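Each chain, letter by letter, is given below.
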Amino acid sequence: ICCDRVAYTVGDFRLEEATLDVAAGEYFVLLGPPGSGKSMLLECLCGLNHVDSGRVLLDGLDVTDWEPRRRGIGYVPQDYALFPHLSVRRNIASGLVARGESRDTITARVNTMADMLGIAHLLDRRIAGLSGGERQRVALARALAIQPRVLLLDEPVSALDESTREHVCAELRRLQRQLNITTIHVSHNLEEAFSLGDRGGILRDGRFQQIGRLVDLL
């Protein structure tokens, strides 16, 4: 996935001609302080924000004007955005239902993702009774169920305690390698970034300061 001189403005803040090229199968960590534009950039990539200028490219195809559902991008926002009135099963299935997939396909994908993430025993539970780690897995399962070409994760472990965070990070890296899915992971934690990323970039005040190997970033 690639963004070419993407600009987007909200109020007094502006994402300034962001250019980034993440290779197929790469785990890229997007670093920067709060308010630097990290979440805004993810929302531009997946189509929730319509950019002021620039282009978003997916496999070389210009998808700048495509609706989010056409892009084939899985997105896990920081608050997970789960549906509290639905069961875990129906949360995971929601993207597939919106696409009009068959009942058999939906059942198979939901069961596969639930098994892969170790939440099969939670499928009939409601979201309200789940722990932070369990909710994170449900949100990830929902994003992966649509078999996305790209996975965008907005601080997916920030709400977890340290021991749970380490476990979930290891699980994220395992899944990413297993599925060979291009991933962009927003974080403000260097230790987390080094445990996950192939490369990274530092965003500050809406501009990229550095992009490269994590060991080379200041």
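Residues numbered from 1 in each chain as written. Predicted model: local features only at pLDDT ≥ 70, side-chain atom pairs only at ≥ 80, totals over all residues. Heavy atoms only, no water.

(A) Inspection of the overall build of the protein chain at higher detail. Looking only at helices and strands, the protein chain features six helices and 10 strands. In terms of overall size, the protein chain behaves like a compact globule, its C-alpha atoms giving a radius of gyration of 17 Å where 218 residues would be expected to give roughly 17 Å. Dimensions along the principal axes, computed over C-alpha positions, put the protein chain at roughly 45 × 40 × 30 Å. Counting over 218 residues, the protein chain shows a buried share of 52%. Contacts in the protein chain between residues at least 24 apart in sequence constitute 68% of all its contacts with a sequence separation of at least 6. Carbon and sulfur atoms make up 48% of the accessible area of the protein chain, which amounts to about 10500 Å² in all. Side chains of the protein chain carry 26 positive and 29 negative charges; the gap between the two charge centres is 5 Å. (Helix = DSSP H or I, 4+ residues; strand = E, 2+ residues; numbered from the N terminus. Rg over C-alpha atoms; globule rule 2.2 N^0.38 Å. Buried < 20%, exposed > 50% of the residue type's maximum accessible area, 1.4 Å probe, protein only. Contact = heavy atoms within 4.5 Å. Areas by Shrake-Rupley, 256 points an atom, 1.4 Å probe, with all protein chains shown as cover. Lys, Arg positive; Asp, Glu negative; His and termini not counted. Charge placed at Lys NZ, Arg CZ, Asp CG, Glu CD.)

(B) Representation of the side chain of Arg173. Tracing the backbone through its elements, the reader meets Arg173 in helix α5 (residues 162-179). Within polar-contact distance, the side chain of Arg173 engages the side chain of Gln176 at 2.6 Å. The contacts of Arg173, once residues within four sequence positions are left out, are Tyr27, Ser195, Leu196 and Asp198. (Polar contact = N/O pair within 3.5 Å; in protein donor to acceptor, adjacent residues only side chain to side chain.)

(C) Structural detail: the sheet that holds strand β7 (residues 150-154). The sheet built from six strands is open, its strands ordered β6-β7-β8-β3-β9-β10 with mixed pairing. In the strand order of this sheet, the two ends are held by β6 (73-76) and β10 (207-213), each with one partner. Averaged over all adjacent pairs, the angle separating strand axes in this sheet is 15 degrees, with direction ignored. Sheet topology places strand β9 (residues 199-204) next to β10; six bridges connect them, and they run antiparallel. Of the residues in β10, the one forming a bridge with Ile202 is Gln210. In the packing of helix α1 (residues 38-46) onto the sheet, the strands contacted are β3 (27-31), β6, β7, β8 (182-186), β9 and β10, and the crossing angle to β7 comes to about 155 degrees. The sheet contacts of helix α4 (residues 132-145) involve β6 and β7, and relative to β6 the element is tilted by about 170 degrees. (Pairing = 2+ DSSP bridges. Axes fitted to C-alpha atoms, helices over the stretch in contact; angles between N-to-C directions.)

(D) Up close: helix α3 (residues 103-116). With 14 residues, α3 should reach 20 Å at 1.5 Å per residue; the first-to-last C-alpha distance of 20 Å fits that figure. For α3, the complete set of buried residues consists of Ile106, Arg109, Val110, Met113, Ala114 and Met116. Mapping the buried residues of α3 onto a view down its axis gives an arc of 165 degrees, with all of them on the same face. Counted as exposed and oriented over 90 degrees from the buried face of α3: Asp104 and Asp115. In this structure, the buried side of α3 is in contact with α2 (88-99), α4 and α5. (Expected span 1.5 Å × (residues − 1). Arc of directions from axis to C-beta.)

(E) Region of interest: the packing of aromatic side chains. Inspection of the entire model under this criterion finds zero aromatic pairs. Across from the ring centre of Trp66, 4.1 Å away, lies the NZ or CZ of Arg70, which sits over that ring. (Phe/Tyr/Trp six-rings, centres within 6.5 Å; stacked < 30°, edge-to-face > 60°. Lys NZ or Arg CZ within 6 Å of the ring centre and 35° of its normal.)

(F) Layout of the nonpolar core. Counting 43 residues, the largest nonpolar core has Val88, Ile92, Ile119, Val138, Leu140 and Leu172 as its most contacted members. Element by element, the count of residues in this core is highest for α4, at seven residues. Excluding anything up to four places from it in sequence, Leu172 contacts Tyr27, Gln136, Leu140, Leu153, Pro156, Val157, His185 and Leu196. Counting residues in each nonpolar core, the second largest holds 27 residues, with Val6, Val22, Leu30 and Val150 among its members. (Core = buried A, V, L, I, M, F, W, Y, C linked by side-chain atoms within 4.5 Å.)

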